[in-house]
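Inside the fold
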Amino acid sequence: MMNEVKSLDTEIKGLTDALRGQRILHLSATANGGGVAEILRSEVPMLQDLGIKADWQVIEPPAGFFEVTKKIHNALQGEHTGLSPTEWRYYEAVSKDMAKKVAPAQWDAIIVHDPQPAAIPYFRVDASDTKWIWRCHLDSSDPHGGVANRMAKYLLPYAGGIFSLESFRLPGFSPEHLAIIPPAIDADSKKNRPMDKDEAQEILRAYPLDLSRPFVVQVSRFDQWKDPLGVLEAWRLAKQKVPELQLALVGDTADDDPQAPMIVKELRGAAKGDDGLLILVDEADDRTVKAFQTLAVAAVQKSLREGFGLSVTEALWAGTPVIASNVGGIPLQIEEGRNGYLVSTIPKAADRMAELAADPAKAKRMGTAGRKIVEEKFLMPRLVRDDLTLVAKVLGAD
Ligand code: UDP
């Protein structure tokens, strides 16, 4: 382990030297909510600490733009609904406007995250030879053909691309440099630094949860792809076997996701009268999220599609096993029966919830194994190394 850490440091140092003087911009849709913001909040300062000229900008489109881009997001994740010609025209018009506000000449490489700002280089106005890299965080393993085709047109100017998994590569997008890089968490961030059980209990005492009874938690944006209704159903089934089991659905509503209020409404409607259920919307700060992840007997991630699932990584890092769907980037993190369970149906999820709720010692053993896999594969220095390796290739600085 020591040697690995050392060699990672050495690799990062080599890359930092190779990239000295180069300016790298990250461009994304939102500073709040969701995994991309979570990553950039740590990665960009880390790059700056290494002496790299890195920065992060967030697009500021007019109201209505994210309605359209959420449709692109959904279609790339496999929803069968495309966009109307009017919606595409709007996407282009706003992208054109946003392109005027980015000053590419100030940067040697610009890493653009996800579909919202993706068409900016297509509509760029200056002729600088800035290199563009598109970083897709979505589970695009089975995209809507028409939308993928249309996006491929906008993605033509990119010199580089990043997906979390090989199977996410989008048809028609083959930049000169392509890398497969799973995301990572920051072990030193407010959210992920250690928390003992006393501190976690102290924090959770503020909520109507009986801390003498077990609970499972799903920490996720309120998004159809995270299937909160499916979690609710699975928990109800699990309760038939372990009646004292509670469920916390802890979620936020990202700035770029206009569908969240509807999902929350649907969930609250379905959840009326359930004993032992806690739904928190936009209430949990980083330490509260960590407290839930620390004290849960298991975390749940019942996503229908999932690019990676930082929530899974965080729970494992908190020493808690994860019961999660066998989709997208989740299986990269779960070793069946060792640090969690991969499930493909609601009854299976329920069985695993009941199993771990009834056997906290087993849950604890699995949680310990979970920390190890994160330490080995999913911490920020590895992501920094992988991202810089691609940037160096794209800039010809390798
Ligand atoms: N998150 C949070 N508060 C919440 C819900 C989620 O801070 O109420 C964070 C969560 O801890 C994780 C990120 O949002 O860091 C979600 O990332 P993930 O990759 O799981 O999903 P995404 O939202 O990017 O699809």
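Everything discussed here concerns the structure shown above.
Definitions and limits used
- Residues numbered from 1 in each chain as written.
- Predicted model: local features only at pLDDT ≥ 70, side-chain atom pairs only at ≥ 80, totals over all residues.
- Heavy atoms only, no water.
- Near = heavy atom within 4 Å.
- Polar contact = N/O pair within 3.5 Å; in protein donor to acceptor, adjacent residues only side chain to side chain.
- Areas by Shrake-Rupley, 256 points an atom, 1.4 Å probe, with all protein chains shown as cover.
- Helix = DSSP H or I, 4+ residues; strand = E, 2+ residues; numbered from the N terminus.
- Phe/Tyr/Trp six-rings, centres within 6.5 Å; stacked < 30°, edge-to-face > 60°.
- Buried < 20%, exposed > 50% of the residue type's maximum accessible area, 1.4 Å probe, protein only.
- Salt bridge = Lys/Arg side-chain N within 4 Å of Asp/Glu carboxyl O.

1. A closer look at the site of the ligand
Taken together, 16 residues lie near the ligand, and G35, K191, R221, K226 and E314 sit nearest. Measuring from an oxygen atom of the ligand, one finds a side-chain N or O atom of R221 at 2.6 Å. Within the backbone of D252, an N or O atom sits 3.2 Å from an oxygen atom of the ligand. In isolation the ligand offers 540 Å² of accessible surface; the protein chains occlude 90% of this area. The set of elements that each furnish at least two residues to the shell around the ligand consists of α2 (35–49), β8 (246–251) and α10 (310–317).

2. Some remarks on the packing of aromatic side chains
All told, the structure shown has 16 aromatic pairs when counted by the stated rule. Judged by centre distance (5.9 Å) and plane angle (75°), the ring pair of W88 and Y91 falls under edge-to-face. Separated by three residues within a single helix, W88 and Y91 lie in helix α4 (residues 85–101), roughly one turn from each other. In this pair, the class of W88 matches that of Y91, namely buried. With centroids separated by 6.0 Å and ring planes inclined at 80°, the aromatic side chains of F215 and F292 adopt a geometry described as edge-to-face. Separated by 77 residues along the polypeptide, F215 in strand β7 (residues 215–219) and F292 in helix α9 (residues 286–295) bring together distant segments of the chain.

3. Focus on the pattern of salt bridges
Oppositely charged side chains can form a pair if their charged atoms are brought close together. Considering all chains together, one arrives at 31 salt bridges under this definition. Taking the shortest distance from any N to any O, the salt bridge between E87 and K71 comes out at 2.6 Å. Within this pair, whereas E87 is found in helix α4, its partner K71 is found in helix α3 (residues 65–76), the two being separated by 16 residues in sequence. With a relative accessible area of 17%, E87 lands in the buried category. Its salt-bridge partner being K362, residue E355 comes within 2.8 Å of it at the nearest N-O pair. A relative accessible area of 23% places E355 in the partly exposed class. Overall, the relative accessible area of 24% leaves K362 in the partly exposed class. A network of salt bridges, in which partner residues are shared, links E11, R382, R385 and D386.

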